[in-house]
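For reference, the chains in residue letters:
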Amino acid sequence: MAAAAEAVLQVFSGASPCVNYFDGGSKRNSLKYRVNYSKNKGIGCTELRRSKFLSCKCRRIESIEVDGLTTESNEASVQDFELDGQLKNRDGGIGSNDNAVGSIINTVHKASAKSVEEDAWDLLRQSIVFYCGNPVGTIAANDPNDSSILNYDQVFIRDFIPSGIAFLLKGEYDIVRNFILHTLQLQSWEKTMDCHSPGQGLMPASFKVRTAPLDGDDSATEEVLDPDFGEAAIGRVAPVDSGLWWIILLRAYGKCSGDLLVQERVDVQTGIKMILKLCLADGFDMFPTLLVTDGSCMIDRRMGIHGHPLEIQALFYSALLCAREMLTPEDGSADLIRALNNRLVALSFHIREYYWIDMKKLNEIYRYKTEEYSYDAVNKFNIYPDQIPPWLVEFMPNRGGYLIGNLQPAHMDFRFFSLGNLWSVVSSLATLDQSHAILDLIEAKWAEIVADMPLKICYPALEGQEWRIITGSDPKNTPWSYHNGGSWPTLLWQLTVACIKMNRPEIAENAVKLAERRISGDKWPEYYDTKRGRFIGKQSRLFQTWSIAGYLVAKLLLANPGAAKILVNEEDSELVNAFSCMISANPRNKRSWKRTKQTFIV
């Protein structure tokens, strides 16, 4: 046994470039290359200091060295060996006499994983953006070798969420507080597209710190925050999810830092109400779900998700619960809270009842009657059974289920969308049984949804004529790439929160270990291509900040599961009772709506 242990140590000694890379002589680990934003807090906004600050900031972004990151093959082989050992042990291939060898391998893996975390924290801090000397966010990507920047040098609302959560869990609250308050200032900006202004309360998709001349003095300059509401974005689509994520992060900040004064500020309370009024406004739609256009969320290109995509509904539900928790009681907010509560009940019923699909529901749809005209119709949306795609018959496991991607008249989008399903678990939009079933499906379909790199943004990909029609032959969303079935490491943090909430952290742990085998050596890509996520995305940005932050949040939460409570929404007992009443009044049970004490619009 001792000889075997010594042999393993000899194999691994000095083999991991990650361990060597982060030794005391590493350039990136030296004080010269580390970003310590606390030292910059004293920087003022005068022209002299600002010019120096902006210059330093640009150099900091452009001078990131990547030497050492291309020699990760040894680390990958070490972790492959460790993972293979785990699989053999699970299948009975490794006996109890080899426990010492397994323990040594596990120790090596932990050391290597720690090095990956150190790399990630260094890169995350290097992505910090400053405004008048204060940290206000992180840029989307920080690849020094990419000359085509586009808007990846901006601070995106949705991209900063995992960065913000990582800083909160690390006890660094200032950057999150600054982000919340500065983006709030941008909410009232009037940006236009073809002489048309978006609704009041809209949060920008991103913003950038720019230097502008002072009015009346061309020799002096000032820093300004320049937001983008979609008028400069590819496709010119306004983001629906930005305001919803902002509310979720605001609640997380208060719960983690204990600083409730921020959410009680008059301007913050006004910002919450403006977002809610925009989302709760009456329109032409009959459903309680938010009606949005294609490309209005994480999938920000044409992918056939226009209508009522699950991702937006899950974030909407979570934001409503968070806002209700933070709104201060006053006369002016009574009507808003009443509308909010009514929407929560109707939205939860609608999603749980009509978006849910498992083997039982699939059999029901298969036998649907169509053209039903009545209040008691079972097939309310006139779904034709022939819409069931052939792939779904093989994909659906006997145990497990999920919430479909979209629902409209005569149309069900049966694709599995990871973010929408995971956040439905986190926010308690899905029932307890449905939440477990979603995780059951991920386990059962691990090879399809997780594969070699977590996590498929959606499954399956659009291919052939369907891809050409629905995406418009989008050359970036080709099958099994980018939004069209690509694998996105940033989704690790949502998976981790969902698994911790359901007391099944081992699922997230396995996914994180899988990601650690490659992600640092691959230079933290934005996404991966192919069915199993084996290739770095053909147009994937490297050193993508939310890939880095998503990994860090997953690691921090797995180390301290109790911290997940800052993101989780527990199910409301009043909502459960209202939902039960609506279920009992459902036409499937052959009972009348008149038996309910209260009327809800569904």
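Notes on the structure in this doc start here. Being a predicted model, the structure only gives us computed values, none of them experimental.

1. Notes on the sheet that holds strand β4 (residues 206-214)
Then, number 1: Across the sheet, 3 strands lie side by side as β3-β4-β5; this open sheet has antiparallel pairing. Each end of this open sheet is capped by a strand with a single partner; those strands are β3 (155-156) and β5 (217-228).
Then, number 2: Bridge count between β4 and β5: 9 bridges; the pairing is antiparallel. By the bridge assignment, P213 is partnered in β5 with T221.

2. A short note on the side chain of T478
Then, number 1: Secondary-structure assignment places T478 in the loop between α18 (464-471) and α19 (492-501).
Then, number 2: By relative accessible area, T478 is classed as buried at 17%.
Then, number 3: Not counting the four nearest positions on each side in its chain, T478 is found in contact with W467, N484 and K538.

3. What about the sheet that holds strand β6 (residues 356-358)?
Then, number 1: Ordered in space as β6-β7-β8-β9, the 4 strands form an open sheet in which the pairing is antiparallel. For this open sheet the edge positions go to β6 and β9 (458-459), each flanked by a neighbour on one side alone.
Then, number 2: Strand direction decides the pairing type here: strand β7 (residues 401-408) and strand β8 (residues 411-417), joined by 4 bridges, are antiparallel. The partner of L407 across the bridge, within β8, is M412.
Then, number 3: Lying over the sheet, helix α12 (residues 334-355) contacts β6, β7 and β8, oriented at roughly 105° with respect to β7.

4. Let's talk about the packing of aromatic side chains
Then, number 1: Applying the stated criterion across every chain yields a total of 20 aromatic pairs.
Then, number 2: Centre to centre, the rings of W245 and W493 are 6.0 Å apart; their planes meet at 45°, and the pair counts as tilted. Pair noted here: W245 is in helix α8 (residues 241-257) and W493 is in helix α19, with a separation of 248 residues, a long-range link. This pair shows no difference in class: W245 is buried, exactly as W493 is.
Then, number 3: Consider the rings of W488 and Y527, whose centres lie 5.5 Å apart with planes at 25°: the pair is stacked. Placement of W488 in the loop between α18 and α19 and of Y527 in the loop between α20 (505-516) and β10 (528-529) is noted, with a sequence separation of 39 residues between them. You'll find W488 and Y527 in the same group, each marked buried.
Then, number 4: An aromatic cluster is present here, built from W391, F395, Y402, F416, Y459 and W480 joined pairwise through their rings.
Then, number 5: Stacked on the ring of Y152, the Lys or Arg R541 has its end atom at 4.3 Å from the ring centre.

5. Remarks on the pairing of β8
Then, number 1: Of all 7 residues making up β8, 6 are buried, and the element is well covered by its neighbours.
Then, number 2: Between β7 and the antiparallel strand that follows it, β8, lie 2 residues; A410 among them carries a positive phi value of about 60°.
Then, number 3: Both β8 and β9 contribute to a ladder of 2 bridges, which runs antiparallel. Residue pairing across strands places F417 opposite C458, the latter belonging to β9.

6. Comments concerning the environment of L315
Then, number 1: Note that L315 resides in helix α11 (residues 310-326).
Then, number 2: You can call L315 buried: its relative accessible area is 1%.
Then, number 3: On a C-alpha basis, the gap between L315 and G243 in space is 9.7 Å, while along the polypeptide they are 72 residues apart.
Then, number 4: Other than its neighbours up to four places away in sequence, L315 contacts D241, L244, W245, I248 and W423.

7. Some remarks on unusual backbone geometry
Then, number 1: Following P454, the chain continues into L455 via a peptide bond in cis, with omega recorded as 15°.
Then, number 2: Along the polypeptide, L455 turns up in the loop between α17 (446-449) and β9.
Then, number 3: With a phi close to 50°, L150 is a non-glycine residue in the positive phi region.
Then, number 4: Checked against the element boundaries, L150 lands in the loop between β2 (134-138) and β3.
Then, number 5: A relative accessible area of 60% means that L150 is categorised as exposed.
Then, number 6: Non-glycine residue N382 carries a positive phi angle of around 55°.

8. Regarding the pattern of salt bridges
Then, number 1: Taken as a whole and assessed by the stated rule, the structure comprises 22 salt bridges.
Then, number 2: Between R125 and E172 there is a salt bridge, and its shortest N-O distance comes to 2.7 Å. On the criterion of sequence distance, the pair formed by R125 in helix α5 (residues 99-126) and E172 in the loop between α6 (157-169) and α7 (174-186) is long-range, its members being 47 residues apart.
Then, number 3: With a relative accessible area of 16%, R125 lands in the buried category.
Then, number 4: Between R541 and D146 there is a salt bridge, with its nearest N and O atoms 2.9 Å apart. Here D146 lies in the loop between β2 and β3 and R541 lies in the loop between β11 (535-536) and α21 (545-559), a separation of 395 residues in the sequence.
Then, number 5: Here D146 falls in the partly exposed class, since its relative accessible area comes to 27%.
Then, number 6: Bridged by salt links that share partners, the residues R399, D440, E443 and R504 form one connected network.

9. Describing empty space enclosed by the protein
Then, number 1: Considering all chains together, one arrives at 4 cavities of 30 Å³ or more under this definition.
Then, number 2: Estimated volume of the largest cavity: approximately 110 Å³.
Then, number 3: Lining the largest cavity we find 15 residues, and of these C297, I299, I305, E311 and F417 sit closest to its centre.
Then, number 4: Contributing elements (two or more residues each) for the lining of the largest cavity: α11, β7, β8 and α15 (418-426).
Then, number 5: In terms of residue count, the dominant contributor to the lining of the largest cavity is α15 (3 residues).

Conventions used here
Position numbers for residues count from 1 along each chain, tracking the sequence in the order it is written. In view of the model being predicted, local features appear only for residues whose pLDDT reaches at least 70, and side-chain atom pairs are presented and counted only at 80 or more, with totals across whole chains, interfaces and linings using the full set of residues. Think of the side-chain values as coming from all heavy atoms in the structure, minus any hydrogens and water. Each pair of strands is called paired provided DSSP finds at least two bridges between the two strands. To qualify as a helix, a DSSP run of H or I must reach at least 4 residues; to qualify as a strand, a run of E must reach at least 2; elements of each kind are numbered from the N terminus. Three exposure classes are used, based on accessible area relative to the maximum for each residue type with a 1.4 Å probe and protein chains only: buried under 20%, partly exposed in between, and exposed over 50%. Note on definitions: a residue-residue contact is assigned when non-hydrogen atoms from the two residues lie within 4.5 Å. For helices, the fitted axis covers only the stretch in contact; all axes are lines through C-alpha atoms, and the angles between them, taken along N-to-C directions, range from 0 to 180 degrees. Ring pairs shown here join Phe, Tyr and Trp side chains whose ring centres sit within 6.5 Å, with only the six-membered ring taken for Trp; geometry is labelled stacked below 30 degrees between planes, edge-to-face above 60, and tilted in between. Should the NZ of a Lys or the CZ of an Arg lie within 6 Å of a ring centre and within 35 degrees of the ring normal, that charge is described as sitting over the ring. A pairing counts as a salt bridge when a side-chain nitrogen of Lys or Arg comes within 4 Å of a carboxyl oxygen of Asp or Glu. Detection works on a 1 Å grid of protein atoms alone, calling trapped sets that fit a 1.4 Å probe cavities and calling open sets with protein on both sides within 12 Å along at least five of seven lines pockets, with lining residues defined by an atom within 4 Å of a point. Grid points are joined across faces, edges and corners, and a volume is the space filled by probe spheres set on the points.

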